[in-house]
Amino acid sequence: MTLSIETPALLFSATSLILLAYTNRFLTIAQIIRSLKKNYEEVHNKSILLEIHNLNKRLTLIRFMQLMGVLCLFLSVFAMLLLFVEMQNVAIYLFGLSMLCLLISLGISFWEISISVNALRVHLSDLEEFSKKD
């Protein structure tokens, strides 16, 4: 099997866009947590604490998503460097490891999205119960 220097370069644009999306998620959740913390300090509602806990878990997952994404990019660049110095076999394995990191990052992303969807469903079920009472 041969690997050309252009193949690892293909991951650059995809990985960069994914990292940008992860960063946007992180910033949005951080902003929501700050807002909820202010609300909790005023109201001391237990549901706010549960929401903050859920968001904290999502922040941890996003951090690992970002870590795997950056590692993917790093390994791709390193594979390109090895291809440049004509170390084909090692470059192939590093590129494979890079793709594995990307796959792990995407898997964690799916997990984080699932947590988000479940939290939204809880909010919607509260609304449905409230509307049935009226």
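Residues numbered from 1 in each chain as written. Predicted model: local features only at pLDDT ≥ 70, side-chain atom pairs only at ≥ 80, totals over all residues. Heavy atoms only, no water.

### A word on the overall build of the protein
What the protein contains, in helices and strands, is 3 helices and 0 strands. Going from N to C terminus, the protein has its helices and strands arranged as α-α-α. For 134 residues, the compact-globule estimate of 2.2 N^0.38 gives 14 Å, and the protein exceeds it by more than 25% at 21 Å. Judged by the C-alpha coordinates and their principal axes, the protein covers about 70 × 30 × 20 Å. Considering the protein as a whole, with its 134 residues, one finds that 31% of them fall into the buried category. Across the protein, contacts joining residues at least 24 apart in sequence account for 78% of those joining residues at least 6 apart. When the accessible surface of the protein is split by element, carbon and sulfur atoms take 68% of a total near 9,200 Å². (Helix = DSSP H or I, 4+ residues; strand = E, 2+ residues; numbered from the N terminus. Rg over C-alpha atoms; globule rule 2.2 N^0.38 Å. Buried < 20%, exposed > 50% of the residue type's maximum accessible area, 1.4 Å probe, protein only. Contact = heavy atoms within 4.5 Å. Areas by Shrake-Rupley, 256 points an atom, 1.4 Å probe, with all protein chains shown as cover.)

### Section: the pattern of salt bridges
Inspection of every chain in the model, using the stated rule, returns 3 salt bridges. Ionic pairing is found between Lys37 and Glu41, a salt bridge with its closest N-O pair at 2.6 Å. Note that Lys37 and Glu41 are positioned in helix α1 (residues 6-43) at a spacing of 4 residues, about one turn of the helix. Relative accessible area serves as the criterion here: at 47%, Lys37 is assigned to the partly exposed category. Residue classification places Glu41 among the partly exposed residues on the basis of a relative accessible area of 47%. (Salt bridge = Lys/Arg side-chain N within 4 Å of Asp/Glu carboxyl O.)

### With respect to the state of the cysteines
As enumerated under the stated definition, the model contains 0 disulfides in all. Of all cysteine sulfurs, the one in Cys101 lies closest to Cys72, which takes part in no disulfide; the gap is 6.6 Å. (Disulfide = S-S within 2.5 Å.)

### Quick word on the environment of Cys72
The residue Cys72 is located in helix α2 (residues 46-84) in this model. For Cys72, a relative accessible area of 0% translates into the label buried. For the pair formed by Cys72 and Asn56, sequence separation is 16 residues and the distance between their alpha carbons is 24 Å.

### Focus: the UniProt feature "transmembrane region" (unreviewed entry) in the protein
With numbering aligned to this structure, UniProt lists the feature "transmembrane region" (unreviewed entry) at residues 12-33, 64-85 and 91-111. Structurally, residues 12-33 is divided into 100% helix and 0% strand, and its ends, taken at the C-alpha atoms, are 31 Å apart. Counting secondary structure, residues 91-111 comes out at 100% helix and 0% strand; the distance between its end C-alpha atoms is 30 Å. (UniProt positions renumbered as here; feature names shortened; annotations may be inferred.)

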